[in-house]
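# Report on the structure
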Amino acid sequence: MEPATKDTLSQLDNLLAASNQSWLFGAGISLDAGIPLMWPLTERVFTRAKTEGEPNDIKVLEFVKGQLTDNSHIEHILSQLGDHRAIADRSRDKTVAFDGVNLSVDDLDALHQRILTWIAETIRWGYKPGKPGGPPEEIGTHENRIVVIEKHSSFVSAIFNRSQAGIAERRRAVRMFTTNYDTLLEDALSLGSFSYWDGFLGGAVAYRSHRYGDDVPKPNYRAHVIKLHGSIDWHLGEDDRVWRVRDGDLYPKKISRVLIYPQSTKYLATQRDPFAAQFDLLRRSLGAPEENVLATCGYSFGDEHINQEIELALQRPENKTTILAFASELNPTLEKWRSGLWGKRVYVISGEGLYVGTDGPHAPPIAGTKRDWWTFAGVTKLLSCGAEACAL
């Protein structure tokens, strides 16, 4: 191994052991757990709309989908429905037409809730789409759930056990930002007996206590879990409080599930709690005055709102954030960042090797193969064994 490559891998190990670190997770980390990515999830929602929805549900969804680009998924569709609801709310008769189907504001709210329920149940129970020539479709149900947690538990163990060998005890909680609705991170932390804070107080039924501008708790937690887009167990109560409620509980009485979608048309929604507080925590982490690390895994850089928050922070001359992007390959966002004035603080750990700014790839794979250290399992192995061992 060349000295320059060995030195770069050592730098990566040091950054992964930083005492002030955050992680940003996306849907990719839960795929192997039995939770689908957005496009299979979209197909599953459409199937349930056909088989379980009201007579016009699928017609409305197909119409809205036809208004969007080909790469749009259920979050884009929900965002578009939200725009149609705003139009209906401003109209004289409080309705909007979808290819001959007229829906009132109340009708749109009811459709929105049905879609959120289908999303939440699919994520809670699990769904694996069929593959041509491969395994058939596998649908989790309330009685036969297919979601597993082993890879999340292994990652959490690697973060808090193996990666700290020989390193002074962390003075800060590891901040785990996620766009995922599932509860696997929280569950893995609990199963590993690692204390964490998520902005709620209580037990199995908990209320949202953290509000925009509040201080984070004192450093007596191992992790902070910040769910940027909400959670399948978050609900809005009659008193406008946000509750974390066990699956199937009938209390407290709930008005709606609390979910948010990462589209620009929903930007204003992030100005209200609880999402204003969640993004405020992300900004605070990125804008910390001391050296800090933000690592991404399973995140496709498809959320322009989050990308903008990261970019705005990195552009500040005094910023000291280093980005560790675990991605299958370079994408336009990462190309832009690593070529910028602060590109030397952008590491991309990809299937082609390790890039640091415009340098790389270091430690490329054997010809005709790809490295897997960008995957969730690969990151776990990297944390456990070290970058140099994984690069051999």
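The preceding data block contains the structure.
Throughout what follows, the structure given in this document is the object of discussion. (Residues numbered from 1 in each chain as written. Predicted model: local features only at pLDDT ≥ 70, side-chain atom pairs only at ≥ 80, totals over all residues. Heavy atoms only, no water.)

### Side note on the overall build of the protein
Definition in use: Helix and strand assignments follow DSSP, with helices taken as H or I runs no shorter than four residues and strands as E runs no shorter than two, numbered in order from the N terminus. Here the radius of gyration uses the C-alpha set of atoms, whereas the globule reference equals 2.2 Å times the residue count to the power 0.38. Accessibility here uses a 1.4 Å probe with only protein chains present; expressed as a share of the type maximum, an area under 20% marks a residue as buried, one over 50% as exposed, and anything in between as partly exposed. Here, residues are in contact when the closest pair of their heavy atoms is within 4.5 Å.
Per the secondary structure count, the protein includes twelve helices and 18 strands. The globule rule puts the C-alpha radius of gyration for 392 residues at 21 Å, and the 22 Å found for the protein is close to it. Split into buried and exposed, the 392 residues of the protein put 51% on the buried side. Partitioning the intrachain contacts of the protein with sequence separation of at least 6 by distance along the chain shows that 66% fall at a separation of at least 24.

### Quick notes on the packing of aromatic side chains
Which entries qualify depends on this criterion: Stacked, tilted and edge-to-face are the three classes assigned to paired rings of Phe, Tyr and Trp, where Trp is represented by its six-membered ring and a pair needs centres within 6.5 Å; plane angles under 30 degrees give stacked, over 60 edge-to-face, the rest tilted. Only lysine NZ and arginine CZ atoms are considered, and such an atom sits over a ring when it is within 6 Å of the ring centre and within 35 degrees of the ring normal.
Following the criterion strictly, the structure yields 13 aromatic pairs and no others. Ring centres of Trp 23 and Phe 155 lie 5.2 Å apart, and the angle between their planes is 85 degrees; this geometry places the pair in the edge-to-face category. Note that Trp 23 is positioned in strand S1 (residues 21–25) and Phe 155 in helix H6 (residues 150–160), a separation of 132 residues in sequence. Residue Phe 155 is classed as buried on the basis of its relative accessible area of 0%. An aromatic cluster is built from Trp 23, Phe 25, Phe 155, Phe 326 and Phe 376, whose rings are joined through pairwise contacts. The aromatic ring of Phe 46 is capped on one face by Lys 65, whose charged end is 5.3 Å from the ring centroid. If you follow Arg 371 out to its NZ or CZ, it ends over the ring of Trp 373, 5.2 Å from the centre.

### Examining the pattern of salt bridges
So the rule is basically this: Any carboxyl oxygen of Asp or Glu within 4 Å of a side-chain nitrogen of Lys or Arg constitutes a salt bridge here.
A complete count under the given rule lists 17 salt bridges for this structure. Glu 121 is the salt-bridge partner of Arg 48, the closest N and O atoms lying 2.7 Å from each other. Pair noted here: Arg 48 is in helix H2 (residues 38–52) and Glu 121 is in helix H5 (residues 105–125), with a separation of 73 residues, a long-range link. When the shortest N-O distance is used, the salt bridge between Asp 89 and Lys 94 registers 3.8 Å. Looking at Lys 94, the relative accessible area reads 38%, which means it is partly exposed. Salt bridges sharing partners connect three or more residues here, namely Arg 48, Glu 52 and Glu 121.

### Side note on the sheet that holds strand S15 (residues 321–326)
Defined as follows: In this analysis, strands are considered paired if DSSP registers two or more bridges between them. Fitted lines through C-alpha atoms give the axes, limited to the stretch in contact for helices. The angle between two N-to-C directions lies from 0 to 180 degrees.
The nine strands are arranged S7-S10-S6-S1-S14-S15-S16-S17-S18 in an open sheet whose pairing can be described as mixed. Looking along the sheet, the strands with just one partner apiece sit at the ends: strand S7 (196–197) and strand S18 (359–362). Where strand S16 (residues 346–350) lies against strand S17 (residues 353–356), four bridges are found, and the strand directions are antiparallel. Paired with Ser 350 across the bridge in S17 is Gly 353. This element, helix H9 (residues 304–315), spans S1, strand S14 (292–297) and S15 of the sheet and lies at about 145 degrees to S15.

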